[in-house]
Structure formats: structure tokens, C-alpha cells
Amino acid sequence: MDRQLIKHVFGRTDFGSAVTVAGWVRTRRDSKGGFSFIDLNDGSSFSSIQVIAPGELANYQSDVLRLTIGSSIAVTGELVESPGEGQAVEIRAAEITVYGFADPETYPLQKKRTSLERLREIAHLRPRTNTIGAVARVRNALAFATHRFYQERDFLYLHTPMITTSDAEGSGEMFQVTTLDPASPPRDLDGNVDYTQDFFGRQAFLTVSGQLEAEAYALALDRVYTFGPTFRAENSNTRRHLAEFWMIEPEAAFFDLDDNARLAEDYLKYMVRYLLETCEEDIAFFDKWIDDSVLATLTAVVDRPFERITYGEAIDILGKADAGFEFPTTWGSDLQSEHEVYLAEQAFDRPVIVTDYPSDIKAFYMRRNDDGTVAAMDVLVPRVGELIGGSQREERLDVLAASIDRHGLDADLYWWYLDLRRFGTAPHSGFGLGFARMVAFATGMQNVRDVVPFPRTPRNAEF
Ligand code: 4AD
Ligand code: MG
């Protein structure tokens, strides 16, 4: 079939020429004059194209009048200039082929708006809605912009393993990977599970981050980035946590914290600029129907420099805020999402990079400052809070070994990570951007469950 995607048909002006499209019916309206209007969508653009189906079509009675929302068809006809407002082109059908009807009695998507909660239960059909279709296109644009940004800056795309034996964050929130029989695992003399008989000869897990492996490659190839799935077995049922999400993790040799912060700001600005250029119609939809601050927030990301403050300054600001926080804002307490959102929205009204956190609330690998804080940085954005977490890494062998110890971790498991400091160590830095949170930020969608095609959360892995 010599078919065109609908978005390309919208760009045509050769009226009178032949055109073929295919897709799923959004609406059908029958005119008194004995013909029908069909809005057809193939997901290539937000807008559907209008098809005029004349009553003379051979299958007008048998097929066209049975078309309902969700039916799939191909249309061949003539490109005509649209008399109506809005769209410039429409198609006068000469032939309509039906591939599949969608019984309106049982097809769960009807013209009236379906709630986002209900759509999660039919995640296999929800990409056919305006909202989830637009999310998918935005997600794609952000992914493409990510690769372009890093490739233009000589970062090498690195694939780090998904199965690992090291806990990159040292927080123990990992899913175990095993082929042992859970009902009767082999046991050692003490009665403990004998993992030497497991698939990998030891306990293995799904990775929480590719960072440690990325460091190994950065300390050989200078600049790398990962873009892949990561897994967290934290039992948090919030609107910004998933058990499986994709992360982008750049890691660069000879970068200090300041270089790292600049990279993060440049990256975010680049992604948003690309999005505004390529997904105009989708962003306009989100701004109109999902959150009327989306466009202004995104434009501000591009136009204004990010704010930079230390954790200490953040604590001062939060302590003086009269915002009725649920969690404490005293030195040493971790910033909660309510605090992060306050800083990015109320306090500064733009993305904020918070640096130099107390070591106790951050991961073991972060570089220790002279005052006992660590060279950490979190990038906080309106609505979402923490979007990026990163740091300069501890490159001094003795200081790193002491930190592993202080965090109560088993130094033996990190032997190869310590080797990177034993042999040709160098200052280096990196960060991780949670891709689901980025898509939520870019679209104004409240819940990360609605920006990931098939979300995995506690007690939910349907599809
Ligand atoms: O702050 P995190 O835990 O940092 C790391 O994993 C570092 N190893 C990254 C690095 O320096 N290379 O996670 C990074 C980001 C967070 O800022 C957040 O956006 C996202 O990952 N994230 C989650 N997104 C969805 N669901 C979860 N459960 C998430 N946990 C973290
Ligand atoms: Mg973090």
C-alpha cells in the first residue's frame, strides 16, 4: 500500500492528487446529504484528518455506517482543500477498507473523557487517547534529544549491565535475580540459602543505577552516558516513584561539581528547546487540558539561568518559610518532595541546583568536602521536585574506603570500584536523570504512571 502518515498529508498542498492513509476512527458523523465525516488518527500527529465518505461508496451501507470509535480502516481518495476552519486539508474517499470494527458495547474507549486512573487499567488501549498518544510522542522527542545532546558533546553511549552484584546506591533497595526454587532453596550447614548454587554462583540483583560501571568507562574513555532501565524495590506508592524506570547517566572524567552542574543545566535546556520546536501541538494540548503552567514553565527553563544554592542555604530558606511542611527542615534531615517543590516553585520559580549535602543522607561514593559535607548536587524542578541526582565522585582511595566502611557496606564487593582509585585515579563527576520524571515535568502529567507505557509499581505489573 502506498500509504502516507497523516502528519505528512497535513503538509501537502497538491489538491486533486491521490492520497492513501490508514488509522483508527475517532468519530463518525453522518450528514443529511447521505455522506459521512470520519475523523481518522494514526498517532503520527495530535490532529486527526477529516475524511469525507460519499454515500456512493460500494460499502457505504455495509461498512461505513458501522464504523465507530476504534475501528481500523484504510482510505484512498483525493486530497482536497478544507473549507472549514482549523485544518487545511481533508480527504474525499474513493475507497475505504475496513480491517477491524470495535464493538461500541465493549470497546472501553468512548468519546467522553476516560479518567487517567481507569486508563491505567487498559494500558494496552490507552495510547489511542489524545493524552497518552501525546505523552508517547513527547517521550520519544526527549529520548532523541538526549542522544543528540550527548553525541554532539563527544559523550560515548555506554550499555551498562542490568543484572549486577553491586548495590550502586548502597541502599539495599534491589530486586533479587535468582533461578533457585523459592519453595526449597539449597541451604548451607548454617541453614542459610546457599547462593553458590544459584545461577551466578552468588546473589545477584537488578541494577538500581549504571553509575559504578559508567565510572569505569569514564576513567578510560573520558565521557560516557548510559540510557537504560533501572529498578528500585522501594515500596513507595507516590506519584513520582516507579519500580522500573529509565535513567540517563552521564559520567565525565576531569569534571568537577561545577562542570557537572553546568552539564545538567545545558542538557535540560537542550531537551526542552528541542521539545518546544518539535512537539508544538502536543505541548499546546498539555497546556490547555492538563496543566496551564506547562508552556510558561518550559519556556522559563530555556530562557532563564537555573538557581544554585547549597543545602545549608536551602535549609535556611525552608526554615523561614511559612509553608506548613509535614517533614522537618533542620540541618541533617533529607529534603522531602514538599521542600523540593517549594524551592523550585515558591522560592525561586525556576529549576534549582542544590549542592553540598551532609554526607549521612547521601550515597557512599560522593566526594567529601573539607567541612564534612559531600559534593552532591540535586536538580529540583517545579511540580516534580528532584529530577536529577548527581555528584563529584570520591577519587581518593583512602577516603573512599573509609566512606564505604562508614556506610556499613562490604568493601569486598566493591574491590573493582576501589581499583579505579588504585590505578590512575582522576577527578570525575556525573549524574542521573529519571526519565519518567522528565516526561512528567515536560507534559504537566501529575503521575509518573501515566508517562511510562506500562508502569511497574508495588502490587502492579499487569501487561
Ligand atoms: O538520585 P538517584 O538515586 O541517583 C542515582 O541513582 C545516581 N547513581 C545517579 C548518578 O549519579 N549517576 O536517582 C537519579 C534520579 C532521581 O533524581 C530521580 O529523577 C530518578 O532517578 N528516580 C526515580 N524515578 C522514578 N522512580 C523512582 N523510584 C526513582 N528513583 C530515582
Ligand atoms: Mg537522589
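Being a predicted model, the structure only gives us computed values, none of them experimental.

1. A few points about the overall build of the chain
Now for step 1: Looking only at helices and strands, one finds twelve helices and 16 strands in the chain.
Now for step 2: Expressed along its principal axes, the backbone C-alpha trace of the chain runs to roughly 85 × 55 × 45 Å.
Now for step 3: Across the 463 residues that make up the chain, the buried fraction comes to 51%.
Now for step 4: In the chain, of all internal contacts separated by at least 6 residues, the share reaching a separation of at least 24 is 68%.
Now for step 5: Here the chain contributes 47 positively and 71 negatively charged side chains, and the mean placements of these two sets differ by 5 Å.

2. Examining the packing of aromatic side chains
Any aromatic ring pair is given by two values, namely how distant the centres are and how the planes are angled relative to each other.
Now for step 1: Overall, the coordinates contain 23 aromatic pairs when judged by the stated rule.
Now for step 2: With a centroid separation of 5.5 Å and 75 degrees between ring planes, the pair formed by F35 and F37 is classed as edge-to-face.
Now for step 3: In this structure, K362 packs its charged tip against the face of Y357, placed 4.3 Å from the ring centre.
Now for step 4: Between R421 and the ring centre of Y417, over which it is positioned, the NZ or CZ distance is 4.1 Å.

3. Re the environment of V177
Now for step 1: Positionally, V177 belongs in strand β8 (residues 176-177).
Now for step 2: Taking the C-alpha atoms as reference points, V177 and Y150, separated by 27 residues in sequence, lie 32 Å from one another.
Now for step 3: In contact with V177, other than residues within four places in its own chain, are I163, D198, F200, A204, F205 and L206.

4. So, the packing of helix α3 (residues 130-152) against helix α6 (residues 280-289)
Now for step 1: Where α3 contacts α6, the two axes come as close as 10 Å, and the packing angle between them is 130 degrees. In terms of their interaxial angle, α3 and α6 are classed as oblique. Of the two possible hands of crossing, α3 and α6 adopt the one that is left-handed. Seen from α3, the contacting residues are N130, T131, A134, V135, R137 and V138; seen from α6, they are D282, I283, F285 and F286.
Now for step 2: Tallied by class, residues from the contact of α3 with α6 come to six nonpolar, two polar and two charged.

5. Thoughts on the sheet that holds strand β10 (residues 223-231)
Now for step 1: Across the sheet, which stays open at both edges, the eight strands sit in the order β6-β10-β11-β16-β15-β14-β13-β12 with mixed pairing between neighbours. Two strands in the sheet have a free side with no partner beyond their single neighbour: β6 (156-157) and β12 (307-310).
Now for step 2: Where β6 meets β10, two bridges bridge the pair, whose relative direction is parallel. When the bridges of β10 are listed, Y157 appears paired with Y225.
Now for step 3: Helix α8 (residues 311-320) contacts β12 and β13 (352-358) of the sheet and is inclined by roughly 95 degrees relative to β12.
Now for step 4: Here helix α9 (residues 337-347) sits on the sheet in contact with β12, β13, β14 (373-381) and β15 (385-392), set at roughly 65 degrees to β14.

6. Structural notes on the site of ligand 1
Now for step 1: Neighbouring ligand 1 are 23 residues, the closest being E169, Q211, R232, E249 and E386.
Now for step 2: At 3.4 Å, a backbone N or O of F431 approaches a nitrogen atom of ligand 1.
Now for step 3: In isolation ligand 1 exposes 630 Å². Once the protein is present, 94% of that is buried.
Now for step 4: Counting only elements with at least two residues in the shell around ligand 1, the list comes to β11 (244-253), β15 and β16 (428-434).
Now for step 5: With five residues, β15 is the single largest residue contributor to the shell around ligand 1.
Now for step 6: Residues of the shell around ligand 1, tallied by class, amount to seven nonpolar, eight polar and eight charged.

7. Side note on the pattern of salt bridges
Now for step 1: Following the criterion strictly, the structure yields 23 salt bridges and no others.
Now for step 2: For E152, the salt bridge is made with R153, and the minimal N-O distance between the two is 3.7 Å.
Now for step 3: Given the relative accessible area of 29%, R153 is considered partly exposed.
Now for step 4: Put simply, R223 and D222 hold a salt bridge, and the shortest N to O gap is 2.9 Å.
Now for step 5: Owing to a relative accessible area of 28%, R223 belongs among the partly exposed residues under this scheme.
Now for step 6: A residue is classified by how much of its surface remains accessible, and D222, at 27% relative accessible area, is partly exposed.
Now for step 7: Through salt bridges that share partners, E215, E251, R393 and R421 make up one connected network.

8. As for helix α12 (residues 435-443)
For the α-helix, the turn length of 3.6 residues means that residues three or four positions removed from each other point alike.
Now for step 1: For α12, a buried count of nine out of nine residues is recorded, marking the element as mostly surrounded by other parts of the structure.
Now for step 2: Turning to α12, its buried residues number three or more, namely F435, A436, R437, M438, V439, A440, F441, A442 and T443.
Now for step 3: Of the residues flanking the end of α12, it is G444, one or two places downstream, whose phi is positive at about 80 degrees.

9. Here's the deal with the domain arrangement of the chain
Now for step 1: Per the domain assignment, the segments of the chain are domain 1 (6-100) and domain 2 (128-154 + 250-450).
Now for step 2: Each of domain 1 and domain 2 has a C-alpha centre, and the two are 45 Å apart.
Now for step 3: At the interface, eight residues of domain 1 touch eight residues of domain 2.
Now for step 4: Around 670 Å² of area is buried between domain 1 and domain 2 when both sides are counted, 42% of it from carbon and sulfur atoms.
Now for step 5: Across the domain 1-domain 2 interface, the total number found is zero salt bridges.
Now for step 6: Applying the counting rule to domain 1 against domain 2 returns four residue pairs in polar contact (both at pLDDT 80 or more).
Now for step 7: A per-class count over the side of domain 1 that touches domain 2 returns two nonpolar, five polar and one charged.

Cut-offs applied
Residues numbered from 1 in each chain as written. Chains lettered and ligands numbered in written order. Predicted model: local features only at pLDDT ≥ 70, side-chain atom pairs only at ≥ 80, totals over all residues. Heavy atoms only, no water. Helix = DSSP H or I, 4+ residues; strand = E, 2+ residues; numbered from the N terminus. Buried < 20%, exposed > 50% of the residue type's maximum accessible area, 1.4 Å probe, protein only. Contact = heavy atoms within 4.5 Å. Lys, Arg positive; Asp, Glu negative; His and termini not counted. Charge placed at Lys NZ, Arg CZ, Asp CG, Glu CD. Phe/Tyr/Trp six-rings, centres within 6.5 Å; stacked < 30°, edge-to-face > 60°. Lys NZ or Arg CZ within 6 Å of the ring centre and 35° of its normal. Axes fitted to C-alpha atoms, helices over the stretch in contact; angles between N-to-C directions. Parallel < 35°, antiparallel > 145°, perpendicular 65-115°, else oblique. Left-handed = near helix turned anticlockwise from the far one by under 90°. Nonpolar A, V, L, I, M, F, W, Y, C, P; charged D, E, K, R; others polar. Pairing = 2+ DSSP bridges. Near = heavy atom within 4 Å. Polar contact = N/O pair within 3.5 Å; in protein donor to acceptor, adjacent residues only side chain to side chain. Areas by Shrake-Rupley, 256 points an atom, 1.4 Å probe, with all protein chains shown as cover. Salt bridge = Lys/Arg side-chain N within 4 Å of Asp/Glu carboxyl O. Domains from an automatic or database assignment. Buried area = accessible area lost by both parts, 1.4 Å probe.

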